[in-house]
Amino acid sequence: MGHDEHPHEHDHHEHDHSEHGSELSEMQLRVRALETVLAEKGYIDPAAIDKIIEAYETKVGPHIGARVVARAWSDPEFKQALLADGSKAVLALGLLNRVGDHLIAVENTPKLHNMIVCTLCSCYPWEVLGLPPVWYKSAPYRSRAVNDPRGVLADFGVTLPAETGIRVWDSTAETRFIVLPLRPSGTEGWSEEKLAALVTRDSMIGTGLPKQPNEIA
Amino acid sequence: MDGIHDMGGMHGFGKVEPEPDEPVFHAPWEGHCFALNRAMSYAGLWTIDKARAAREELPPEVYLGSSYYKKWELGLESLIVELGLAGSDEIGAGHALRPGKALTRKLTAAEVPNTLTRGSFARPAPGPARFKPGDRVRTKNIHPATHTRLPRYARRRVGVVEALRGCHVFPDTAALGQGDHPQWLYTVLFEGRELWGDRAEPTLQVSIEAFEPYLESA
């Protein structure tokens, strides 16, 4: 954030900031009260709480999914294994010590674009993408993804050809989905590491496309 | 339940607003709220479905007016009070006023790395699957007042079974503490027009993950 974008320097930001501030401090107090009670009752170990937060802030995230996609782009055998059994294939990749059941990878093609949503709550493939962004859990996305996916894509600045089919997967059970996006052209011979840098989180949800080669240094 | 959480196809919520460089948690309390939920669910006193039901049962105006992690906080409080783990007087006071109950499991820091993996919801099948890929099915017209995973927009709609996903814990009973009652789970694919009528986006297809009790032959 540049200095001139500092929240305190713009009226509308300042307004937002103070409104958030009052809810944040109320919630800060409420969560602290709950945590104190649960710790005093012997139900939780505060060290475990800190460790969970640290894991989701620093270890689990879309960088894992990006490596999965990059491997699938590079290795046709792995891609077949991934599409056949996502959990098994991701485990075999060795990025994670364990992978939960029912991870399903769905492949974009020039004729078909996949998009993942959970209209009922916030189901999301945590192990490969980390925790979901706020928009994924929000009413606008959950309501519109299933009946206006092109409108949703427009909110992300993405336009697909009119003839491209759109397939929306509503995560209504304990199956979890990750989109295998189309590999950008002009990346022939690239290393997996370089390919992974093209794979955005949103491209693995289906609300975005991978970066183009000229977008990365 | 036909609650406000069941949002698929509703109008009026506006644009999706992506946030560039979004942090995992927007304030420290969000991380703590998330972690408290994880640690308490580890104790095994409730299922993931019961935790979801607790959030869905928040009054609609509270559900819509609360941020995501605030809903998690309110849902957790309600489970803790409902199960007698702590009183609302204690949460209000911010201190335990009575000794805690004995738990069978307590999450330690050393065990945390093992909890980053999703649990398995697959269960042995009580019988053969009724449907197979390619079968035409109609979702039932059900409106339970309790937890279900059949969204409103996909009730009484004809689709095609695309895949059989195994036999899983049935959320509708698990949320009520009535046991796993394993059911076959299917990916069922609907044409956009079947869900949204003639004005639907012509290239749209939507699938849900449907448990067998939600389906009948069509």
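Attention in this report is confined to the structure presented alongside it.

Parameters and conventions
- Residues numbered from 1 in each chain as written.
- Chains lettered and ligands numbered in written order.
- Predicted model: local features only at pLDDT ≥ 70, side-chain atom pairs only at ≥ 80, totals over all residues.
- Helix = DSSP H or I, 4+ residues; strand = E, 2+ residues; numbered from the N terminus.
- Contact = placed C-beta atoms within 7 Å.
- Core = buried A, V, L, I, M, F, W, Y, C linked by C-beta atoms within 7 Å.
- Buried ≥ 20, exposed ≤ 12 C-beta atoms within 10 Å, placed from the backbone.
- Nonpolar A, V, L, I, M, F, W, Y, C, P; charged D, E, K, R; others polar.
- Pairing = 2+ DSSP bridges.
- Axes fitted to C-alpha atoms, helices over the stretch in contact; angles between N-to-C directions.
- Parallel < 35°, antiparallel > 145°, perpendicular 65-115°, else oblique.
- Left-handed = near helix turned anticlockwise from the far one by under 90°.

Some thoughts on the overall build of chain B
- What chain B contains, in helices and strands, is seven helices and five strands.
- Helices and strands in chain B line up, N terminus first, as α-α-α-α-α-β-β-α-β-α-β-β.
- Sequence separation of 24 or more characterises 65% of the internal contacts of chain B that already satisfy a separation of 6 or more.

Quick notes on the nonpolar core
- Counting residues in hydrophobic clusters, the biggest one holds 102 residues, and the most contacted among them are Val69(A), Leu36(B) and Ala39(B).
- If near-sequence neighbours (up to four positions away) are discounted, Ala39(B) is found in contact with Ile44(A), Ala48(A), Ile49(A), Ile52(A) and Leu107(B).

Things to note about helix H2 (residues 48-56) of chain B
All names here are of chain B.
- Of all nine residues making up H2, eight are buried, and the element is well covered by its neighbours.
- For H2, the complete set of buried residues consists of Asp49, Lys50, Ala51, Arg52, Ala53, Ala54, Arg55 and Glu56.
- On its buried face, H2 sits against helix H1 (28-42), helix H4 (68-82) and helix H6 (171-174).

Points about the interface of chain A and chain B
- Counting residues at the interface gives 67 residues for chain A, matched by 69 residues for chain B.
- Sorting the residues of the side of chain A that touches chain B by element identifies helix H1 (11-40), helix H2 (46-59), helix H7 (139-144), helix H8 (149-155) and strand S3 (165-170) of chain A as the ones contributing at least two each.
- Its residues assigned to classes, the side of chain A that touches chain B shows 35 nonpolar, 15 polar and 17 charged.
- Strand direction decides the pairing type here: S3(A) and strand S4 (residues 204-211) of chain B, joined by five bridges, are parallel. Paired with Arg167(A) across the strands is Gln205(B), a residue of S4(B).

Some details on the packing of H2(B) against H4(B)
All names here are of chain B.
- It is the contact of H2 with H4, at a shortest axis distance of 8 Å, that shows an interaxial angle of 110°. As far as their axial angle goes, H4 and H2 are roughly perpendicular. Considering only the axes of H2 and H4, their crossing is right-handed. Where H2 abuts H4, its residues Ala51, Ala54 and Arg55 lie against Lys71, Trp72, Gly75, Ser78 and Leu79.
- For the contact of H2 with H4, the residue count by class is four nonpolar, two polar and two charged.

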